[in-house]
Amino acid sequence: MIKNRIKANLERLTIKTFVRGVFVVFLFVLIAMGIVINDRPFTARFREGDVALKPIYAPHNFTYSIEKSKDGAVTVEQIETKRGELIIAKGQRVSKGHIAQLLNIEEREFHKDRVKFIAGVLLLVFLLLLVVTIYLILYEPKIFHETSSLVLIGVLSLFIIFVARAVIISPMPSFLIPLASVSMLLAILLNPRMAIFITVLLSAAISINVENSLSLNIMFLFGGIAGIFSTRNIKRRWQIIRSGTYVGIANFASIITIGLLNNLNSESFIADGIWGFINGVLCIFIVMGILPLLEDLFKMTTNITLLELSDMNHPLLKQM
């Protein structure tokens, strides 16, 4: 059955399909660049006296040197750090010792392993695009043969990848990454099933890029699915506000749940939960601002558009 379906789709290959293939390769390069670009070393993000908004753990065993002054004499002390040891805690001020540790990590991780990192990114993006392509051929052939739909998926994926990178390298918490906005837009413009599939893949890709954050991955999944389900049969633009609120509640609940399961400090995960709720509010503005533009740009008609056109107060109907 699957073999026949693949054969039938391959027989429909045209010049347009070739163009789509070129677009996929271009998309592959851009997404990879979006993950790699601005991947700055720790010392470019932290200065002595800064307050760390994210915890940092030692990726390997190492020994670093720190100068100490006592009675006018300067001595150099060697300090050993074990793999997995907490270097900077969330909310802690960055000291000279922290900077020395971060420099040591950069010398080994950021510079020497740069080639491995880029190779891993390329392989990850290739696997993601391969899975998406197979899924489209088998279960969404209509979308696979619509160039506008493929471009839409690519544009939204690029959008959230670059936004995620900007948030990751900034002092803002990663819980502000508005992945659910892409989930909601895909659900409205394409279909919920496609939106869920893309949400799962993007949540995994972004979470891996944020130190394999399980709590972030779970927030993406619950928030994204809440956004997708709440936009089903959406008919008015104001209902996007309701959907964004559901996203915020789902984000907040998932972060609190992970915090309780991991026995974390209540003040810490409640603060993260509030950021998760703000994420939902941010999704409201993104979806309401981008949706009309995407509808016009990709010539897609949604239930919202149809109801607005059928409004008796519409200028065109008044003229008729």
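Okay, so let's go over this structure. Numbering of residues starts from 1 in each chain and follows the order in which that chain's sequence is written. The model is predicted, so local features are restricted to residues of pLDDT at least 70 and side-chain atom pairs to those at 80 or more, both for listing and for counting; the totals for chains, interfaces and linings are taken over all residues. For side-chain calculations, the full set of non-hydrogen atoms in the structure is used, while hydrogens and water are omitted.

## What to know about the overall build of the chain
(1) Moving on: Here a strand is any run of E in DSSP of at least two residues, a helix any run of H or I of at least four, and the numbering for each starts at the N terminus. Helix and strand counts for the chain come out as 14 helices and 4 strands.
(2) Moving on: Each of the 320 residues in the chain was classed as buried or not, and the buried ones make up 43%. With a 1.4 Å probe rolled over the protein chains alone, any residue whose accessible area is under 20% of its type maximum counts as buried; one over 50% counts as exposed, and the rest are partly exposed.

## Considering the nonpolar core
(1) Moving on: Counting 48 residues, the largest nonpolar core has Leu-152, Ile-177, Leu-186, Leu-190, Met-194, Ile-198 and Ile-206 as the members making the most contacts within it.
(2) Moving on: Whether two residues touch is decided by their heavy atoms; if any such pair falls within 4.5 Å, the residues are in contact. Other than its neighbours up to four places away in sequence, Ile-177 contacts Ile-160, Ala-164, Val-167, Ile-168, Ile-206, Phe-220 and Asn-279.
(3) Moving on: Judged by nonpolar contacts, the second largest core, of 8 residues, contains Ala-52, Ala-58, Val-94 and Leu-102. What is meant by a nonpolar core is a set of buried Ala, Val, Leu, Ile, Met, Phe, Trp, Tyr and Cys residues, joined one to another through side-chain atoms within 4.5 Å.

## Topic: a nonpolar patch on the surface
(1) Moving on: On the surface, Tyr-246, Ile-249, Phe-252, Ile-270, Ile-274, Trp-275, Phe-277, Ile-278, Val-281 and Phe-285 cluster together to form a nonpolar patch covering roughly 890 Å² of accessible area.
(2) Moving on: Mapped onto the nonpolar patch, the elements with two or more residues apiece are helix 11 (239-261) and helix 12 (266-297).
(3) Moving on: Checked against the element boundaries, Ile-278 lands in helix 12. Every patch collects residues that have over 30% relative accessible area and no salt bridge, joining them within 9 Å if they carry like charges and within 5 Å if they are nonpolar side chains (Val, Leu, Ile, Met, Phe, Trp, Tyr). Using the Shrake-Rupley algorithm and a 1.4 Å probe, accessible areas are obtained, with residue cover drawn only from the displayed protein chains. A carboxyl oxygen of Asp or Glu within 4 Å of a side-chain nitrogen of Lys or Arg is what we treat as a salt bridge.

## Re the packing of aromatic side chains
(1) Moving on: When two rings of Phe, Tyr or Trp (its six-membered ring) have centres within 6.5 Å they constitute a pair, described as stacked for plane angles under 30 degrees, edge-to-face for angles over 60, and tilted for the intermediate range. The full count for this structure, using the stated rule, is 2 aromatic pairs.
(2) Moving on: Seen from their ring centres, Tyr-135 and Tyr-139 are 5.6 Å apart, and the 40 degrees between their planes marks the pair as tilted. Within this pair, Tyr-135 and its partner Tyr-139 are both found in helix 5 (residues 114-139), separated by 4 residues, close to a single helical turn.
(3) Moving on: On the basis of relative accessibility, which here comes to 12%, the residue Tyr-135 falls in the buried class.
(4) Moving on: According to the relative accessible area criterion, Tyr-139 is partly exposed, its value standing at 43%.
(5) Moving on: Ring plane angle 10 degrees and centroid distance 3.9 Å describe the contact between Tyr-135 and Phe-197, whose orientation is recorded as stacked. On the criterion of sequence distance, the pair formed by Tyr-135 in helix 5 and Phe-197 in helix 9 (residues 192-209) is long-range, its members being 62 residues apart. Each member of the pair, Tyr-135 as well as Phe-197, is classed as buried.
(6) Moving on: In textbook terms, an aromatic cluster arises when at least three aromatic residues are bridged by ring pairs, as seen for Tyr-135, Tyr-139 and Phe-197.

## Brief notes about helix 9
(1) Moving on: Here a helix's expected span is defined as the number of its residues, less one, multiplied by 1.5 Å. Taking 1.5 Å as the rise per residue, helix 9 with 18 residues should run 26 Å; its terminal C-alpha atoms sit 26 Å apart, in good agreement.
(2) Moving on: Residues of helix 9 that are buried: Met-194, Ala-195, Phe-197, Ile-198, Thr-199, Leu-201, Leu-202, Ser-203, Ala-205, Ile-206 and Ser-207.

## Describing the environment of Val-287
(1) Moving on: You can see Val-287 is positioned in helix 12.
(2) Moving on: Through-space distance from the C-alpha of Val-287 to that of Met-184 is 7.4 Å; in sequence the pair is 103 residues apart.
(3) Moving on: Dropping the residues within four chain positions of it, Val-287 is found in contact with Ser-181, Met-184, Leu-185, Ile-188, Ile-240 and Pro-292.

## Overview of the side chain of Ser-207
(1) Moving on: Looking at the element boundaries, Ser-207 is found in helix 9.
(2) Moving on: Assessed through its relative accessible area of 3%, Ser-207 is described here as buried.

Any link to function would need more than the numbers given here.
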